[in-house]
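# Inside the fold
The primary structure of each chain is shown beneath.
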Amino acid sequence: MTPCHLVDVHVLLIRDDRILLSLRRSGDKYDNRWHLPSGKLEVGESAATGAAREAAEEVGVTIDPTALQLIHLAHVTAPGRDARLGLFFRTEHWVGDPVNREPDKCYELRWFPLTDLPANLIEYSALGIVALSSPTPYTEFGWPGN
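Keep in mind that this is a model prediction, so the values were computed, not measured.

### Remarks on the side chain of Ser 38
Along the chain, the position of Ser 38 falls in strand 4 (residues 38-40). The contact partners of Ser 38, leaving out residues within four places of it in the chain, are Val 9, His 10, Glu 54 and Glu 58.

Here it is as structure tokens:
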């Protein structure tokens with residue numbers, strides 16, 4: 001079997017020095033923890049197009065893929081989970097007001113000041129958020145020795 005790595009796309013919606021986070025509803029250890037609008041890249045889809053699609057599916061906003069700026073790449077793994085590459089895109093330009101379009105996967109959406117993030121933020125999401133103020137193009141997380 002050929003090993004593969006999933007590709008996740010994350011969207012950092014920034015407005016007035018605040019970031020939009022969603023409170024995950026998942027029934028696992030990530031339940032009731034904050035994360036970014038995100039999802040898996042689909043076959044045949046560019047990363048920016050996938051990020052825009054995920055934002056529309058999860059929070060109901062329309063983003064022109066050219067308005068997305070790649071700010072971070074993370075290679076992550078965790079016990080019992082597939083390794084993945086996470087692409088983090090930032091934007092301050094979208095159409096529509098964010099709404100919870102996936103209440104079966106998300107309890108609520110909330111804007112947080114970038115200087116006052118919630119304590120129960122999923123570490124994977126935090127990697128991209130940290131890159132906003134401390135530009136780091138790449139991190140590894142969860143790998144032995146990290």
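### Comments concerning the layout of surface pockets
When its volume is computed, the largest pocket comes out at roughly 830 Å³. Looking at the largest pocket, it is lined by 34 residues, and the ones nearest its centre are Arg 24, His 35, Ser 38, Arg 84 and Tyr 124. Those elements that provide at least two residues to the lining of the largest pocket are strand 1 (6-15), strand 2 (18-24), strand 4, helix 1 (47-59), strand 5 (69-78), strand 6 (81-91), strand 7 (106-113) and helix 2 (123-133). Here the lining of the largest pocket takes four residues from helix 1, the largest share from any one element. Considered class by class, the residues forming the lining of the largest pocket number 10 nonpolar, nine polar and 15 charged.

### What about the pattern of salt bridges?
Within this structure, the stated rule accounts for 10 salt bridges. A salt bridge links Arg 53 to Glu 42, with the shortest nitrogen-to-oxygen separation between them at 3.5 Å. With a gap of 11 residues between them, Arg 53 in helix 1 and Glu 42 in the loop between strand 4 and helix 1 connect regions that are remote in the sequence. Take Arg 53: its relative accessible area is 16%, and that puts it in the buried class. Residue Glu 108 is joined to Arg 110 by a salt bridge in which the shortest nitrogen-to-oxygen separation is 3.1 Å. Under the relative-accessibility criterion, Arg 110 is labelled partly exposed at 36%.

### Comments concerning the packing of aromatic side chains
Tallied over the full model, the rule gives three aromatic pairs. Each ring, one from Phe 88 and one from Tyr 124, has its centre 5.9 Å from the other, and the planes form 90°; the classification is edge-to-face. Remark: Tyr 124 occurs in helix 2 and Phe 88 occurs in strand 6; sequence separation between them is 36 residues. Each of the two residues, Phe 88 as well as Tyr 124, counts as buried. On the numbers, 6.1 Å between centres and 15° between planes, the contact of Trp 94 with Trp 111 is stacked. Here Trp 94 is found in the loop between strand 6 and strand 7, whereas its partner Trp 111 is found in strand 7, with 17 residues between them in sequence. Each member of the pair Trp 94 and Trp 111 is classed as buried.

Rules of the game
- Residues numbered from 1 in each chain as written.
- Predicted model: local features only at pLDDT ≥ 70, side-chain atom pairs only at ≥ 80, totals over all residues.
- Heavy atoms only, no water.
- Helix = DSSP H or I, 4+ residues; strand = E, 2+ residues; numbered from the N terminus.
- Contact = heavy atoms within 4.5 Å.
- 1 Å grid on protein atoms, 1.4 Å probe; cavity = no way out; pocket = protein on both sides within 12 Å on 5 of 7 lines; lining within 4 Å.
- Points joined across faces, edges and corners; volume = space filled by probe spheres on them.
- Nonpolar A, V, L, I, M, F, W, Y, C, P; charged D, E, K, R; others polar.
- Salt bridge = Lys/Arg side-chain N within 4 Å of Asp/Glu carboxyl O.
- Buried < 20%, exposed > 50% of the residue type's maximum accessible area, 1.4 Å probe, protein only.
- Phe/Tyr/Trp six-rings, centres within 6.5 Å; stacked < 30°, edge-to-face > 60°.

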